[in-house]
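Structure at a glance
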Amino acid sequence: MAVLLTGGAGYIGSHICIELLQAGMDVVVIDNFSNSKPEAVRRVQQITGKKYPVYHEDLRDRAAVEKIFAENTIDCVIHLAGSKAVGESVQKPILYYDNNLVSTLVLCDVMRDYGCKKIIFSSSATVYGAPEQVPVTEETPVSADTTPYGKTKLFIEYMLQDIAKSDPDWSVILLRYFNPIGAHASGLIGEDPAGIPNNLMPFVTQVAAGKLEKLSVFGTDYDTPDGTCVRDFIHVVDLAQGHVKSIAKAMENSGVFIYNLGTGKGYSVQQLVDAFQQANDIEIPYQYAPRRKGDIAQIYADCSKAQRELGWQAQHDLFEMCRDSWNWQKKNPQGLA
């Protein structure tokens with residue numbers, strides 16, 4: 001059983017590699033290392049004691065993708081590769097539409113040519129836009145009224161659903177991630193953003209490490225218990241294990257299946273900061289700031305469908321997410337150097 005991970009050297013991809021290898025599966029990775037580092041591959045191999053093929057290629061390069069399928073018998077694809085910074089997508093929409101959509105089209109076309117019709121797509125809760133009610137279920141209406149990044153996720157969902165409709169041999173699983181944080185318990189791999197972090201947790205850990213001066217909490221007047229935004233934070237290892245469960249579903253079924261991967265609990269930004277300080281006995285300098293354009297008040301998931309159909313449920317609590325995030329940062333003050 002061989003699984004191709006596109007973007008498999010990234011934060012989420014490297015954790016998925018570990019879970020797949022430990023489950024006895026073979027892994028093949030393609031990554032252009034635009035937002036990841038080869039060191040992540042070495043550390044995954046260190047943790048698991050297993051080596052696997054890694055192709056330093058761009059997924060939009062059809063010849064490179066064909067070479068991977070020609071050299072390996074791929075049974076299933078987990079498609080993670082793509083540009084993912086929400087703010088950058090607003091500034092560079094052409095880059096996002098080109099990279100995210102074209103790469104998916106090339107991948108699916110080559111998959112079809114080689115008779116590999118099982119794909120698990122790394123989607124996002126951003127496809128729900130600003131929901132009228134929480135928690136959101138897989139039946140909650142999706143919205144194109146979002147950023148170019150969010151639109152690419154939604155467009156790819158539509159593309160994959162159309163492919164599955166055209167050919168009953170396809171199995172498409174759309175995993176709508178909520179907010180992955182945390183790191184592997186070893187502290188050897190974790191989130192290592194380039195430059196100023198776009199996501200909340202790496203910003204918090206870098207403030208804790210003294211790399212950044214203070215955290216800005218954007219918006220204190222939302223209609224939430226403490227006025228700050230509420231999100232569904234999920235431990236990246238739990239997220240990775242959701243992919244292992246999804247592979248079994250994809251291999252045994254055809255059609256389209258959609259699952260929320262979150263904890264089913266909403267935590268505010270203030271609660272996360274407080275939990276981080278308590279879990280790690282460290283003070284985080286922070287300041288309140290005006291709302292950011294585009295932020296929604298709250299979103300969290302109903303994950304009962306994934307529990308019912310995949311036998312999957314998040315196991316880590318917020319305390320553990322904060323502990324493991326800081327463990328990674330402490331052990332790797334310069335990231336994956």
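Look a little higher up for the structure.
To start, this report covers the structure provided alongside it. (Residues numbered from 1 in each chain as written. Predicted model: local features only at pLDDT ≥ 70, side-chain atom pairs only at ≥ 80, totals over all residues. Heavy atoms only, no water.)

1. Focus on the pattern of salt bridges
According to the stated counting rule, one finds 18 salt bridges in the structure shown. Two residues, Arg62 and Glu66, come together in a salt bridge whose shortest N-O distance is 2.9 Å. In this pair, Arg62 and Glu66 both sit in helix α3 (residues 62-71), four residues apart, roughly one turn of the helix. Between Lys67 and Glu71 there is a salt bridge; the shortest N-O distance is 2.9 Å. Taken together, the residues span about one helical turn, with Lys67 and Glu71 both in helix α3 at a distance of four residues. In the salt-bridge network here, residues are joined through shared partners; they are Arg62, Glu66, Asp109, Arg112 and Asp113. (Salt bridge = Lys/Arg side-chain N within 4 Å of Asp/Glu carboxyl O. Helix = DSSP H or I, 4+ residues; strand = E, 2+ residues; numbered from the N terminus.)

2. Thoughts on the packing of aromatic side chains
This structure, assessed with the given rule, holds five aromatic pairs. Ring geometry for Phe276 versus Trp326: centroids 6.1 Å apart, planes at 70 degrees, classification edge-to-face. Placement of the pair is Phe276 in helix α9 (residues 269-280) and Trp326 in helix α11 (residues 318-331), with a sequence separation of 50 residues. Neither Phe276 nor Trp326 differs from the other in exposure class; each is buried. Between Tyr286 and Tyr288, the aromatic rings sit 5.7 Å apart at their centres with planes inclined by 75 degrees, giving edge-to-face as the arrangement. Residue classification places Tyr286 among the partly exposed residues on the basis of a relative accessible area of 30%. Against the face of Tyr222 rests Arg291, its NZ or CZ located 4.0 Å from the ring centre. One residue, Lys305, lies across the ring of Tyr259, its end atom 5.3 Å from the ring centre. (Phe/Tyr/Trp six-rings, centres within 6.5 Å; stacked < 30°, edge-to-face > 60°. Buried < 20%, exposed > 50% of the residue type's maximum accessible area, 1.4 Å probe, protein only. Lys NZ or Arg CZ within 6 Å of the ring centre and 35° of its normal.)

Treat this as a map of the structure, not an account of what it does.
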